[in-house]
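# Descriptive structure summary
Residues per chain, in single letters:
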Amino acid sequence: MKSISTSQRQNIISLASLGLSTRKIASQTGLGKSTVFQVLHEIQPERSRLHGGHPSKLSSTNKKAIVQQILTGKAKMLFKPLIFINSIVDSPVSSQAVRNTLKEASLKAV
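Residues numbered from 1 in each chain as written. Predicted model: local features only at pLDDT ≥ 70, side-chain atom pairs only at ≥ 80, totals over all residues. Heavy atoms only, no water.

In the nomenclature of an unreviewed UniProt entry, the protein is known as Transposase IS30-like HTH domain-containing protein of Pisolithus tinctorius Marx 270.

### Brief notes about the packing of helix 4 (residues 60–71) against helix 6 (residues 95–104)
Where helix 4 meets helix 6, the closest approach of the two axes is 10 Å, and the angle between their N-to-C directions is 80 degrees. The orientation of helix 4 with respect to helix 6, classified from their angle, is roughly perpendicular. Between helix 4, through Lys63, Ile66, Val67 and Ile70, and helix 6, the contact on the second element is made entirely by Val98, Thr101, Leu102 and Glu104. For the contact of helix 4 with helix 6, the residue count by class is 5 nonpolar, 1 polar and 2 charged. (Axes fitted to C-alpha atoms, helices over the stretch in contact; angles between N-to-C directions. Helix = DSSP H or I, 4+ residues; strand = E, 2+ residues; numbered from the N terminus. Parallel < 35°, antiparallel > 145°, perpendicular 65-115°, else oblique. Contact = heavy atoms within 4.5 Å. Nonpolar A, V, L, I, M, F, W, Y, C, P; charged D, E, K, R; others polar.)

### Quick look at the environment of leucine 58
Mapping leucine 58 onto the fold places it in the loop between helix 3 (33–43) and helix 4. Looking at leucine 58, the relative accessible area reads 7%, which means it is buried. C-alpha of leucine 58 to C-alpha of isoleucine 85: the two residues are 27 residues apart in sequence and 8.9 Å apart in space. In contact with leucine 58, other than residues within four places in its own chain, are Lys63, Ile66, Ile85, Val89, Val93, Ala97 and Thr101. (Buried < 20%, exposed > 50% of the residue type's maximum accessible area, 1.4 Å probe, protein only.)

Structural data, given as structure tokens:
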């Protein structure tokens, strides 16, 4: 790791306590993201990385319902659980969301 001064280390810690991301701290301090992450990881090893992406439109209950449709044989193809789930949720769900749900449940096409 790049050798950094005590004042830089304290600056990183104070910015992290404000809730800034590693990327924002790096841009404000002029240090690299890896250096900032390593300093924060030394202090807070349990600090988790933020994961991007859009939150799922499907709740865990909806996901279970999709899997049950397939496992019980009520739906043999992808479009039937899609029609079922779109009839019970507020906003329409894509076929990819149903595929992702089935993949999470370790189900494969045969």
